[in-house]
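# Examination of the molecular architecture
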Amino acid sequence: MAVWIQAQQLQGDALHQMQSLYGQHFPIEVRHYLSQWIEGQLWDAIDLENPQEEFKAKRLLDSLIQELQNKAEHQMGEDGFLLKIKLGHYASQLKSTYDRCPLELVRCIRHILYTEQRLVREATNSSSPLGGMMDTMSQKYQQINQAFEELRLLTQDTENELRKLQHNQEYFIIQYQESLRIQAQLSSLSTLPPADRQLREPTLLSKRATVEAWLTREANTLQKYRLDLAEKHQKTLQLLRKQQTIILDDELIQWKRRQQLAGNGGPPEGGLDILQSWCEKLAETIWQNRQQIRRAEHLRQQLPIPGPIEELLNELNSTITDIISALVTSTFIIEKQPPQVLKTQTKFAATVRLLVGGKLNVHMNPPQVKATIISEQQAKALLKNENTRNESSGEILNNNCVMEYHQTTGTLSAHFRNMSLKRIKRSDRRGAESVTEEKFTILFESQFSIGGNELVFQVKTLSLPVVVIVHGSQDNNATATVLWDNAFAEPGRVPFLVPDKVLWPQLCDAINMKYKAEVQSNRGLSEENLVFLAQKAFSSSSNNPEDYRNMTMTWSQFNRESLPGRSFTFWQWFDGVMELTKKHLKPHWNDGAILGFVNKQQAQDMLMSKPNGTFLLRFSDSEIGGITIAWVAENPNKAGERMVWNLMPYTTKDFSIRSLADRISDLNHLLFLYPDRPKDEVFSKYYTPPLCKQPLIILFATANSDPASGNPTYMDHASPAPVNHAHTYSIYPPMSDSILDADGDFDLDDTMDVARHVEELLRRPVESQWGGQQS
């Protein structure tokens with residue numbers, strides 16, 4: 001199916017070439033609805049030049065038509081009715097076209113598949129990492145489909161052998177009955193006169209000897225048939241185990257890992273429909289073989305022949321039951337995880353699914369699923385099969401749901417739509433562990449019966465770890481726990497162990513993934529950004545990325561210990577940056593207008609080589625969720641000297657009043673965005689249209705009592721506006737003024753009363769504020 005998935009992504013000429021492959025001779029709808037089956041057949045195994053291969057091609061044609069008819073029969077509803085008619089028509093059309101020349105069908109489909117593969121390969125450019133990954137996936141899917149074809153042939157072979165054994169055994173029983181009849185006749189000779197007995201006895205003795213010799217030979221033959229059949233079943237079960245291991249222990253585990261990384265902002269896990277189709281094929285094949293083994297057991301009971309077959313059949317029956325048990329219990333999965341940061345008294349949802357539900361007729365007796373929240377210790381005990389006495393760590397409302405079978409998709413699932421965690425019972429915490437480091441999990445459990453209650457399975461599955469909070473202020477730290485767990489959990493771990501320290505590059509991958517997802521941007525963290533973060537995390541001054549390659553970061557460094565000289569942790573600072581960017585700065589980050597991850601000294605070094613009025617935007621070191629503007633200009637107190645100025649940081653509160661672009665527009669002394677882009681070229685598309693014709697300039701400065709002081713100003717004075725004219729305003733006050741913070745930053749809270757007053761005016765209706773001045 002991988003080739004068809006990729007073929008549907010083709011564009012332009014490649015798409016037209018792909019579409020031209022189809023027509024009356026082979027409709028594209030057949031390719032679409034039977035894509036997986038088509039790609040799973042061994043078309044290359046048929047020699048088109050050998051007429052003797054025609055029977056193989058005929059078998060493929062018959063199978064294709066049967067698959068189409070099966071697909072048609074399963075269509076439901078109004079749209080399904082039309083599709084049912086169309087697919088039935090295609091089945092008749094293909095039969096009439098290729099019934100007399102089935103090799104032409106093979107030739108046609110081979111040409112289609114070869115061309116599609118070539119077009120996909122050219123489009124994805126197999127030399128690129130993406131193209132290489134696609135080729136690998138295609139090869140892997142092909143191997144799985146080939147193994148299914150081998151299993152199908154083996155199962156068909158054992159079915160034929162079983163029928164042959166049954167036929168031979170039935171004939172043996174008939175002959176055995178004949179031998180009993182001859183024996184009865186011989187016994188009745190004693191009642192006859194001697195002359196009659198001598199006349200008839202030799203013939204009957206000869207018959208008995210012949211039949212008994214045949215029975216002896218045939219008994220040995222039947223025993224050999226039984227042993228051969230058992231050996232073939234052993235071979236089938238070995239291949240089944242191998243295939244099931246690939247699908248459950250490799251593909252399904254990888255899907256679960258992708259689902260876990262998706263919780264950190266990774267790409268959607270995808271591929272569940274393909275996994276379900278594989279699991280359904282496994283279920284069908286396992287069930288067919290199980291029925292065959294049971295029939296072989298019935299034949300043995302019907303005609304016991306001494307030998308090792310009884311032990312062999314018991315072993316086969318036990319093995320096939322183990323295989324189907326592993327399949328059912330492993331394919332009870334959580335399709336949609338509950339939120340990993342779970343707030344009490346808040347509605348949440350989750351979906352569980354049984355990947356083999358449609359094929360094993362589980363839906364004929366719809367099972368009920370129950371959800372319970374349990375602690376880390378309870379999860380450990382559960383996986384050790386220790387008796388937890390149905391304990392829970394809290395109360396979930398609306399925690400029972402019946403699984404529903406969806407005919408159109410063939411899925412059996414339970415959708416919990418309105419669960420709510422009413423209360424939580426916490427355990428005693430260890431050492432420095434906080435409530436936001438305590439992990440719980442949602443346990444989903446049910447009971448499935450298969451084959452008319454022939455087999456009953458208790459199934460359980462655990463959600464990804466969840467952290468329970470009671471207030472939004474805990475969200476930040478809870479997210480850190482979840483991020484660390486999702487990123488660094490090992491498959492098959494004891495719940496919910498994670499390493500206490502990880503390599504810095506591993507953490508970079510995790511926070512970069514999270515950053516891009518939260519900000520919803522393709523622009524992630526550059527190597528320079530990551531070096532800045534390493535400097536912050538390790539209190540280092542090195543600019544060399546290689547210096548951090550082998551460094552490790554502990555959980556405590558990540559989100560327990562505050563950064564040097566600060567009241568917040570590394571994660572809390574980084575999360576504040578993400579939150580600010582997501583809410584207010586996303587377009588500017590995507591435009592590359594925000595350097596962001598630059599410290600004050602780096603900003604100064606960068607700006608001092610640029611013309612006056614050059615500025616850059618960097619995230620505040622001293623405040624969570626703040627961004628500041630740094631720019632270079634003349635020092636008003638020393639002629640001929642230049643210096644870099646830093647505004648006090650803007651936060652979400654500030655941007656809820658006036659946007660970053662408008663604030664930059666208001667600051668007329670800001671001319672060029674670093675390195676040399678005129679600011680209007682970068683930001684003008686985000687400016688708020690003026691409310692009236694008279695421009696309003698917001699002056700970011702403190703009052704200067706001496707209008708004639710001669711201090712330079714970078715403000716353009718507007719035409720009259722209703723602001724206080726008692727003072728003029730200058731960007732550069734005497735250094736004795738308290739407009740700078742201890743680090744040389746403007747203290748906007750103390751110095752921008754006028755600006756804030758104007759901003760408040762802007763938030764009021766225009767008519768009431770400026771009614772007399774509008775034109």
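Procedures and definitions
- Residues numbered from 1 in each chain as written.
- Predicted model: local features only at pLDDT ≥ 70, side-chain atom pairs only at ≥ 80, totals over all residues.
- Heavy atoms only, no water.
- Salt bridge = Lys/Arg side-chain N within 4 Å of Asp/Glu carboxyl O.
- Helix = DSSP H or I, 4+ residues; strand = E, 2+ residues; numbered from the N terminus.
- Buried < 20%, exposed > 50% of the residue type's maximum accessible area, 1.4 Å probe, protein only.
- Pairing = 2+ DSSP bridges.
- Core = buried A, V, L, I, M, F, W, Y, C linked by side-chain atoms within 4.5 Å.
- Domains from an automatic or database assignment.
- Axes fitted to C-alpha atoms, helices over the stretch in contact; angles between N-to-C directions.
- Parallel < 35°, antiparallel > 145°, perpendicular 65-115°, else oblique.
- Contact = heavy atoms within 4.5 Å.
- Nonpolar A, V, L, I, M, F, W, Y, C, P; charged D, E, K, R; others polar.
- Expected span 1.5 Å × (residues − 1).
- Bend = angle between axes of the 7 residues up to and from the residue.
- UniProt positions renumbered as here; feature names shortened; annotations may be inferred.
- Patch = residues over 30% accessible without salt bridge, like charges linked within 9 Å, V, L, I, M, F, W, Y side chains within 5 Å.
- Areas by Shrake-Rupley, 256 points an atom, 1.4 Å probe, with all protein chains shown as cover.

Our focus in this paragraph is the pattern of salt bridges. This model, assessed by the stated rule, comprises 36 salt bridges. The partner of Lys 514 in a salt bridge is Glu 518, and the shortest N-O contact between them spans 3.6 Å. Of this pair, Lys 514 and Glu 518 both sit in helix H14 (residues 504-519), four residues apart, which is roughly one turn of that helix. When the shortest N-O distance is used, the salt bridge between Lys 583 and Glu 579 registers 3.2 Å. Within this pair, Lys 583 and its partner Glu 579 are both found in helix H17 (residues 570-590), separated by four residues, close to a single helical turn. Sharing partners across several salt bridges, the network here consists of Lys 514, Glu 518, Glu 579, Lys 582 and Lys 583.

The next point concerns the pairing of strand S5 (residues 394-397). Alternating residues of S5 divide into Gly 394 and Ile 396, all buried, and Glu 395 and Leu 397, none buried. Here four bridges tie S5 to strand S8 (residues 411-424), and the two strands are oriented antiparallel to one another. When the bridges of S8 are listed, Glu 395 appears paired with Arg 423.

The nonpolar side chains of soluble globular proteins are, as a tendency, buried together. If you look at the biggest cluster of nonpolar residues, it comprises 82 residues, and the most contacted ones within it are Ile 247, Val 328, Phe 332, Ile 373, Phe 416 and Phe 444. With 15 residues, the single largest contributor to this core is helix H9 (residues 194-262). Residues from two domains meet in this core; each of domain 2 (149-326) and domain 3 (340-476) gives at least three. With 59 residues, the next largest nonpolar core counts Val 502, Phe 532, Trp 555 and Phe 574 among its residues.

Packing of helix H2 (residues 12-19) against helix H7 (residues 102-124) brings their axes to within 10 Å, and their N-to-C directions diverge by 175°. It follows from the interaxial angle that H2 and H7 lie roughly antiparallel. Contacts from Ala 14, Gln 17 and Met 18 of H2 reach H7 at Glu 116, Arg 118 and Leu 119. Looking at the contact of H2 with H7, its residues break down into three nonpolar, one polar and two charged.

Strand order in this open sheet of four strands is S6-S4-S9-S10, and the pairing throughout is antiparallel. Here the strands that pair on one side only, and so sit at the sheet edges, are strand S6 (400-402) and strand S10 (455-462). Within this sheet the neighbouring strands show an average axis-to-axis angle of 25°, counted without direction. As judged from the eight bridges shared by strand S9 (residues 440-450) and S10, these two strands associate in the antiparallel manner. Looking across to S10, one finds that Gln 447 is bridged to Gln 458. Strands S9 and S10 of the sheet are contacted by helix H11 (residues 309-330), whose axis makes an angle of about 40° with S10.

This paragraph deals with H9. Because the α-helix completes a turn every 3.6 residues, residues three or four places apart line up on one side. End to end, H9 covers 95 Å across 69 residues, agreeing with the expected 102 Å (1.5 Å per residue, within 8%). Along its length, H9 shows its largest kink, about 35°, at Arg 200, and proline Pro 202 lies within four residues downstream of that point.

As a further point, take the UniProt feature "coiled-coil region" (unreviewed entry) in the protein chain. Taken from the UniProt record, the annotation "coiled-coil region" (unreviewed entry) applies to residues 141-168. With 100% helix and 0% strand, residues 141-168 has end C-alpha atoms that lie 40 Å from one another.

Attention now goes to unusual backbone geometry. At the junction of Pro 495 and Phe 496, the peptide bond is cis and its omega measures out at -20° in the coordinates. Inspection of the secondary structure puts Phe 496 in the loop between helix H13 (475-488) and strand S12 (501-503). The omega angle of the peptide bond from Tyr 674 to Pro 675 is 5°, so this bond is cis rather than trans. Following the sequence through the fold, Pro 675 ends up in the loop between strand S17 (672-673) and strand S18 (677-678). Although it is not a glycine, Asn 398 sits at a positive phi angle of roughly 55°. Its identity as a non-glycine residue notwithstanding, Ser 539 has a phi of 50°, on the positive side. For Ser 539, the position within the fold is in the loop between helix H15 (527-538) and strand S13 (552-554). The exposure class of Ser 539 is exposed, given its relative accessible area of 53%.

Within strand S4 (residues 368-375), six of the eight residues are buried, leaving the element largely enclosed by the surrounding structure. Where S4 lies against S6, three bridges are found, and the strand directions are antiparallel. Paired with Val 369 across the two strands is Cys 401, which belongs to S6. Note that S4 and S9 share six bridges and pair antiparallel. Counted as the bridge partner of Lys 370 is Glu 445 from S9.

A surface patch of nonpolar side chains, about 330 Å² in accessible area, is lined by Phe 81, Leu 82 and Ile 85. Tracing the backbone shows Phe 81 in helix H6 (residues 77-98).

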